[in-house]
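# Structural description and commentary
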Amino acid sequence: MSEPLTRSPITHLRHVGLAMPDYRESVEFYDKIWGLVPVANDSDITFFATPAHPEQYILRVRRAAEKRLDLLSFAVETEHDVDAVTERMIAAGVQVDREPDKLGTPGGGYGMRFFDPDGRLIEVSAEVAERPYRPLEPRESIPQKLSHVVVNATDVVATKKFYETLLGFRLSDWLEDQMCFLRTRVDHHILAIAHGPHTSLNHVSFEMRGIDEYMRGTGRMKRSGRPPIWGPGRHGAGDNTFSYFLDPNGNIVEYTTELERIEDDAAWEPRVWVATPEEADQWGTSNPITEQMIPAMFNDPDRGVWTGSPI
Ligand SMILES: [Fe+2]
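Just so you know, these numbers come straight off a predicted model, no measurement behind them. All chains use their own residue numbering, which begins from 1 and follows the written sequence. In view of the model being predicted, local features appear only for residues whose pLDDT reaches at least 70, and side-chain atom pairs are presented and counted only at 80 or more, with totals across whole chains, interfaces and linings using the full set of residues. Excluded from the side-chain calculations are hydrogens and water; all other atoms, namely the structure's heavy atoms, are used.

### A short note on helix H1 (residues 23–33)
Using the following cut-off: Think of it in three bands: residues with accessible area under 20% of the maximum for their type are buried, residues over 50% are exposed, and the middle band is partly exposed, with areas taken using a 1.4 Å probe on protein chains only. Each helix is a run of H or I in the DSSP string that is no shorter than four residues. Each strand is a run of E no shorter than two, and both are numbered from the N terminus. When we speak of the arc, we mean the arc of directions from the helix axis to the C-beta atoms.
Turning to H1, its buried residues number three or more, namely Tyr-23, Ser-26, Val-27, Phe-29 and Tyr-30. For H1, the buried positions fall inside an angular range of 160 degrees around the axis, keeping them on one side.

### With respect to the coordination of the iron ion
Counted only if it meets this: Metal coordination here is assigned from N, O and S atoms located within 2.8 Å of the ion, or within 3.2 Å for Na, K and Ca; omission of water means that sites may look incomplete.
Those protein atoms acting as donors to the iron ion are His-148 (NE2), His-203 (NE2) and Glu-254 (OE), and they sit at 2.1 to 2.2 Å. Within one chain, the residues donating to the iron ion are spaced in sequence as H-x54-H-x50-E. Linking His-203 in strand E13 (residues 200–207) with Glu-254 in strand E16 (residues 252–256), this pair joins segments that are 51 residues apart in sequence. You can call Glu-254 buried: its relative accessible area is 0%.

### Details of the sheet that holds strand E14 (residues 230–234)
Note the threshold: Two strands pair under a simple rule: DSSP has to find at least two bridges between them. For helices, the fitted line uses only the C-alpha atoms of the stretch in contact; every axis is such a line through C-alpha atoms, and the angle between N-to-C directions lies from 0 to 180 degrees.
If you trace the nine strands from one edge of the open sheet to the other, you get E14-E15-E16-E13-E9-E12-E11-E10-E17, paired in mixed fashion. Since the sheet does not close on itself, it has two edges, and those belong to E14 and strand E17 (271–273), each with one partner. Taking the axes of each pair of neighbouring strands and ignoring which way they run, one obtains an average angle of 20 degrees across the sheet. As judged from the five bridges shared by strand E9 (residues 145–153) and strand E12 (residues 191–195), these two strands associate in the parallel manner.

### Overview of the pairing of E13
Counting buried positions along E13 yields eight of eight residues, so the element is predominantly enclosed. Summarising the sheet, E9 and E13 pair through seven bridges and their orientation is antiparallel. Residue pairing in the sheet places Val-151 in a bridge with Leu-201 of E13.

### Things to note about the sheet that holds strand E3 (residues 45–49)
Two strands in a sheet stick together by hydrogen bonds in their backbones, pointing the same way (parallel) or opposite ways (antiparallel). In plain terms, the rule: Residues are treated as being in contact if the distance between any of their heavy atoms lies within 4.5 Å.
Overall, mixed pairing links the eight strands, which are arranged E2-E3-E4-E1-E5-E8-E7-E6 in an open sheet. Each of the sheet's edge strands pairs with one partner strand only, and the pair in question is strand E2 (37–41) and strand E6 (96–102). Averaged over all neighbouring strand pairs, the angle between strand axes comes to 20 degrees, with direction disregarded. Direction of pairing for strand E1 (residues 10–20) relative to strand E4 (residues 59–63): parallel, over a ladder of five bridges. Within the sheet, the bridge partner assigned to Ala-19 lies in E4 and is Arg-62. Most of the contacts of helix H2 (residues 79–91) go to strand E7 (residues 110–115), to which it runs at about 20 degrees, and overall it touches strand E5 (68–76), E6, E7 and strand E8 (121–126).

### Points about the packing of H2 against helix H3 (residues 156–167)
To be explicit about the condition: Every angle not falling under 35 degrees, over 145, or within 65 to 115 is termed oblique; those three ranges are roughly parallel, roughly antiparallel and roughly perpendicular. Side-chain classes follow a simple rule in which Ala, Val, Leu, Ile, Met, Phe, Trp, Tyr, Cys and Pro form the nonpolar group, Asp, Glu, Lys and Arg form the charged group, and the remainder, Gly included, forms the polar group.
Running from N to C, H2 and H3 point in directions that differ by 125 degrees, and their axes come no closer than 10 Å. With respect to H3, the axis of H2 lies oblique. Residues Val-85, Arg-88 and Met-89 of H2 touch H3, and the partners they reach there are Phe-162, Thr-165, Leu-166 and Leu-167. Of the residues that constitute the contact of H2 with H3, the class distribution is five nonpolar, one polar and one charged.

### Focus: the domain arrangement of the chain
Applicable threshold: Each domain's extent was defined by an automatic or database domain assignment. Two parts placed together each lose some accessible area under a 1.4 Å probe, and adding up what both lose gives the buried area. By definition, a salt bridge exists where a carboxyl oxygen of Asp or Glu is found within 4 Å of a side-chain nitrogen of Lys or Arg. Definition of a polar contact: a pair of N or O atoms within 3.5 Å, with one able to donate and the other able to accept a hydrogen when the atoms are protein atoms, and with sequence-neighbouring residues admitted only if both atoms are side-chain atoms.
Structurally, the chain comprises domain 1 (10–126) and domain 2 (145–298). Measuring from the centre of the C-alpha atoms in domain 1 to the corresponding centre in domain 2 gives 20 Å. Domain 1 puts 38 residues into the contact, and the matching count from domain 2 is 35 residues. Of the roughly 3,100 Å² buried between domain 1 and domain 2, counting both surfaces, carbon and sulfur atoms make up 67%. In terms of surface lost to domain 2, no three residues of domain 1 exceed Ile-10, Leu-13 and Trp-34, which account for 22% of the buried area on that side. Taken together, the links from domain 1 to domain 2 amount to one salt bridge. Glu-77 serves as the salt-bridge partner of Arg-185, at 3.8 Å between the closest nitrogen and oxygen. Linking domain 1 with domain 2 are 14 residue pairs in polar contact (both at pLDDT 80 or more). Only E1, H1, E5, H2 and E7 provide two or more residues apiece to the side of domain 1 that touches domain 2.

Okay, structure coming up:
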């Protein structure tokens, strides 16, 4: 493998793609309850944005016979970065799914796709057109951006090493030896890798405007008949608040806010957090993790590994 990169070309997590059989119900959920805005759709795919962020979309939901994580999309700064990532992947023997090309998805741009060591489909793109956006109002309890994604892997160290070596991710913290939190810029993590019984999606996290809006969103979910399976609470690692919910297809989605920022990258020393109730939830307001969260976060084995997405 190549030498580690000194600075990741990745600026942020652009969007997460989910595919699922209960398509209509899921579209309704993310639109009417979760608080995203459908910006483009046909009968088989819907792209969701938030009015508070310039990304064209932060979530896409596709109709499919089997549930899967369709892809994770990361942004890089320039088309040159897309080409450089491609060269790096090819040199390392990584399976490329799509060579660099113009993208046909909303906002266009230039991107490529490859499979990570667990067979997850990853897209890297640049020059995607921005959409108009505005700051959220106080008390407006809808997501303002995508925060992070957590995936389950059977060999956390091997998957972590891939993201560090080939994409320049940096380790922020460990949760025992079970989960590692990775960053590319100031956010404590945009990707975390958790030890699981199989390759699958653990959860997708959406950032709210602040504590008040996060609690209002949590309450709206509760009143809609979908109470948190874990939370509300405040994690030790990342210092972010959390409320975790199940979407109609059994994927976990999170409302969070106040994720720790690592401003001085060079000075940061990764820590190892312990999975005690006090470190899992500083506030002590959440129910025990064992009740629903642990079985739910393993999710079903992902049916889409090593398989490209039609869109
Ligand atoms: Fe999270």
